[in-house]
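An overview of the molecular structure
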Amino acid sequence: MNCPYCGYYDSKVVDSRDVNEGIRRRRQCLECDSRFTTYERLQPASLFVIKKDERREEFNRGKLLTGIRKACEKRPLPTGSVDKLTDDIEVELYRIGKAEIPSATIGDMVMEGLKSLDYIAYIRFASVYREFTDITALKQAVDTLLSSETEISPSTSQLPLLPTDELEGLARNHRRNRK
Ligand SMILES: [Zn+2]
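What you are looking at is a predicted structure, and each value in this text was computed from that prediction instead of being measured.

As a further point, take helix α4 (residues 119-129). Given 3.6 residues per turn, any residue in an α-helix points the same way as the ones three and four places further on. For α4, the buried fraction is high: nine of the eleven residues fall into the buried class. If you check which residues of α4 are buried, you get Y119, I120, A121, Y122, I123, R124, F125, A126 and S127. Where α4 begins, the capping side chain belongs to D118, and its oxygen is found 3.1 Å from the backbone nitrogen of I120.

Quick look at the packing of aromatic side chains now. As enumerated under the stated definition, the model contains two aromatic pairs in all. Considering the side-chain rings of Y8 and Y9, the 4.8 Å spacing of their centres and the 40° angle between planes classify their relative orientation as tilted. Given the relative accessible area of 59%, Y9 is considered exposed.

We now examine the pairing of strand β2 (residues 22-29). Burial within β2 is extensive, with six of its eight residues counted as buried. Of the pairings in the sheet, the one linking strand β1 (residues 11-19) to β2 comprises eight bridges and is antiparallel in character. Counterpart to V19 in the pairing with β2 is G22. As consecutive antiparallel partners, β1 and β2 are separated by two residues, and within that stretch N20 has a phi angle of approximately 40°, a positive value. Hairpin connection between β2 and strand β3 (residues 35-41): a loop of five residues separates the two successive antiparallel strands, and D33 in this loop has a positive phi of roughly 70°.

A word on the packing of helix α1 (residues 61-71) against helix α3 (residues 103-117). Between α1 and α3, the shortest axis-to-axis distance is 12 Å and the interhelical angle comes to 40°. Relative to α3, α1 is oriented oblique. Here α1 and α3 pass one another in a crossing that is right-handed. Between α1 and α3, the residues in contact are L64, I68 and A71 and I106, V110 and L114, respectively. Tallied by class, residues from the contact of α1 with α3 come to six nonpolar, no polar and no charged.

What counts and how
Residues numbered from 1 in each chain as written. Predicted model: local features only at pLDDT ≥ 70, side-chain atom pairs only at ≥ 80, totals over all residues. Heavy atoms only, no water. Buried < 20%, exposed > 50% of the residue type's maximum accessible area, 1.4 Å probe, protein only. Helix = DSSP H or I, 4+ residues; strand = E, 2+ residues; numbered from the N terminus. Polar contact = N/O pair within 3.5 Å; in protein donor to acceptor, adjacent residues only side chain to side chain. Phe/Tyr/Trp six-rings, centres within 6.5 Å; stacked < 30°, edge-to-face > 60°. Pairing = 2+ DSSP bridges. Axes fitted to C-alpha atoms, helices over the stretch in contact; angles between N-to-C directions. Parallel < 35°, antiparallel > 145°, perpendicular 65-115°, else oblique. Left-handed = near helix turned anticlockwise from the far one by under 90°. Contact = heavy atoms within 4.5 Å. Nonpolar A, V, L, I, M, F, W, Y, C, P; charged D, E, K, R; others polar.

Right, dumping it as structure tokens:
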């Protein structure tokens, strides 16, 4: 791995630790002394995703990350939480140990993960993934989510409601998608 700052070919490892079934190494360039991080992970046996139309496609971590990132766009989330959710789902998918996984299973895992991370991101993802056909279905999902959060902890009843503009934006998208 060449130094991302000066391109020099050699570096030394200044720290390494296990993360999510991989190894994270902190490196220092031997030429310019810049520090950078590399991740080493085991390449698991290939995993295929069965799409809704029955087509098979090799699992692509980048695609999963992009989907989650899109749902979390501009949300005030701690740095690294999107990557962590992606990692967790990837690890879980390989742990299941099957050669093929329905895309719906992955979608459900993302929804589960987002639900506990950020409810706006969850609704955004759900609105695309579940293909809510109208605003009533969307509102139902929001209500279900808010009431289930209230059950877990009564203090979350102070949660701000879904911002009106966000809800209207989603509704607008759905109207457009239906055409
Ligand atoms: Zn360098």
